[in-house]
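Topology and contacts: notes
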Amino acid sequence: MENEDAGAVAEPDGEGGVWFVLEKASLEVAKVGKNYQLLNCDDHANFLRKHKRDPALLRPDIVHQALLAILDSPLNKAGKLKGLYVMTDSKVLIQVNPHIRIPRTFKRFCGLMVQLLQKLSIRATNGPEKLLRVVKQPVTKHLPVGARRIGLSYSAPKVIKLHDYVAAIGLKSKMVFVVGAMAHGKIEADYIEDLIAVSEYPLSAACCIGRICNAIEQQFKIL
């Protein structure tokens, strides 16, 4: 792990913040007919079955909803979201600028992802700033030194009260939350230090993220 962290990002001491990593996101582009499209279970079921793929696993809507939950949060609007990364199930790592306005509709989101995965970056229309870009792995190279890396899973051995958990870590600490963005299964990321469950029930990625953001917003007194 030391080698992986060698290039980790140094953040100012005493300045807390939150990073999110969405793992196993289903973002896969293929040529369907004459056009390249983002594969999903609704529009491409026959295409996927023809290629002996399970359509139920192709769920880019999950990462779309998760991104909206993070980017729309008061936590992000207050400037406490310091980094956001998406790891696809085909091991492509995407850096998402917290200032981006992700398309609200799924169809437009799909179009944006096709553009990103072909061009490898998306710039702002009014300047040189990159809003989305494919970056080199491992993700640990992009995470801050000394951050607490927390994985979320329904199958975790302990169910915790998030408000108490975040309070115990402290506002000046850097927290990285790793959330699965896939339809089934659990995250398998070897860089996680603590694996927790935040409910006795299975939650969607977006619902889980909402709980995380709410707990941290309360700690920072963000209304």
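Residues numbered from 1 in each chain as written. Predicted model: local features only at pLDDT ≥ 70, side-chain atom pairs only at ≥ 80, totals over all residues. Heavy atoms only, no water.

Per an unreviewed UniProt entry, the chain goes by the name Ribosomal RNA small subunit methyltransferase NEP1 and belongs to Adiantum capillus-veneris. What the UniProt record of the chain gives under Sequence similarities (unreviewed entry) is the line "Belongs to the class IV-like SAM-binding methyltransferase superfamily. RNA methyltransferase NEP1 family." Quoted straight from UniProt, the Subcellular location (unreviewed entry) entry for the chain says "Nucleus, Nucleolus". (UniProt positions renumbered as here; feature names shortened; annotations may be inferred.)

Here's the deal with the overall build of the chain
Secondary structure assignment for the chain yields 7 helices and 10 strands. Computed over C-alpha atoms, the radius of gyration of the chain comes to 17 Å, within 12% of the 17 Å expected from 2.2 N^0.38 for 223 residues, which places it in the range of a compact globule. Taking all 223 residues of the chain together, 49% fall into the buried category. Contacts in the chain between residues at least 24 apart in sequence constitute 74% of all its contacts with a sequence separation of at least 6. On the chain, roughly 11,900 Å² of surface is accessible, and the fraction owed to carbon and sulfur atoms is 49%. Between the averaged position of the 31 positive side-chain charges in the chain and that of its 22 negative side-chain charges there is a distance of 7 Å. (Helix = DSSP H or I, 4+ residues; strand = E, 2+ residues; numbered from the N terminus. Rg over C-alpha atoms; globule rule 2.2 N^0.38 Å. Buried < 20%, exposed > 50% of the residue type's maximum accessible area, 1.4 Å probe, protein only. Contact = heavy atoms within 4.5 Å. Areas by Shrake-Rupley, 256 points an atom, 1.4 Å probe, with all protein chains shown as cover. Lys, Arg positive; Asp, Glu negative; His and termini not counted. Charge placed at Lys NZ, Arg CZ, Asp CG, Glu CD.)

A look at the side chain of N76
Mapping N76 onto the fold places it in helix α4 (residues 74-77). Judged by relative accessible area, N76 falls into the buried class, the value being 11%. When residues no more than four places from it in sequence are discounted, the contact partners of N76 are I70, L71, L81 and P98.

Brief notes about the sheet that holds strand β7 (residues 130-135)
Read from one edge to the other, the open sheet built from 8 strands follows the order β6-β7-β5-β4-β1-β9-β8-β10, with strand pairing classed as mixed. Strands with a single pairing partner mark the edges of an open sheet, and in this sheet they are β6 (121-123) and β10 (194-196). The average angle at which neighbouring strand axes cross in this sheet is 20°, direction not considered. Against the sheet, helix α3 (residues 60-71) engages β1 (17-25), β4 (81-88) and β5 (93-96), with an angle of about 175° to β4. (Pairing = 2+ DSSP bridges. Axes fitted to C-alpha atoms, helices over the stretch in contact; angles between N-to-C directions.)

Let's talk about the nonpolar core
Of all hydrophobic cores here, the largest spans 53 residues; its most connected members are F20, L22 and L67. Leaving out residues up to four positions away in the same chain, F20 has contacts with I70, L75, L81, G83, L84, Y85, F177, I209, I212 and C213. (Core = buried A, V, L, I, M, F, W, Y, C linked by side-chain atoms within 4.5 Å.)

Topic: the environment of E23
For E23, the position within the fold is in strand β1. A sequence separation of 68 residues divides E23 from K91, and the C-alpha atoms of the two residues are 9.3 Å apart. If sequence neighbours within four positions are ignored, E23 has contacts with M87, V178, V179, G180, A181, M182, I187, A189 and Y191. A polar atom in the side chain of E23 sits 2.8 Å from the side chain of Y191. (Polar contact = N/O pair within 3.5 Å; in protein donor to acceptor, adjacent residues only side chain to side chain.)

Describing the packing of aromatic side chains
This structure, assessed with the given rule, holds 2 aromatic pairs. Ring plane angle 35° and centroid distance 6.0 Å describe the contact between F20 and F177, whose orientation is recorded as tilted. Separated by 157 residues along the polypeptide, F20 in strand β1 and F177 in strand β9 (residues 174-180) bring together distant segments of the chain. Among the residues examined, F20 registers a relative accessible area of 0% and is labelled buried. (Phe/Tyr/Trp six-rings, centres within 6.5 Å; stacked < 30°, edge-to-face > 60°.)

Considerations on the confidence of the model for the chain
Overall, the predicted model of the chain reaches an average pLDDT of 89, with 93% of residues at or above 70. Per-residue pLDDT, averaged within each element of the chain, yields its smallest value for helix α1 (residues 2-5) (41) and its largest for β5 (98). (pLDDT = per-residue confidence, 0-100.)

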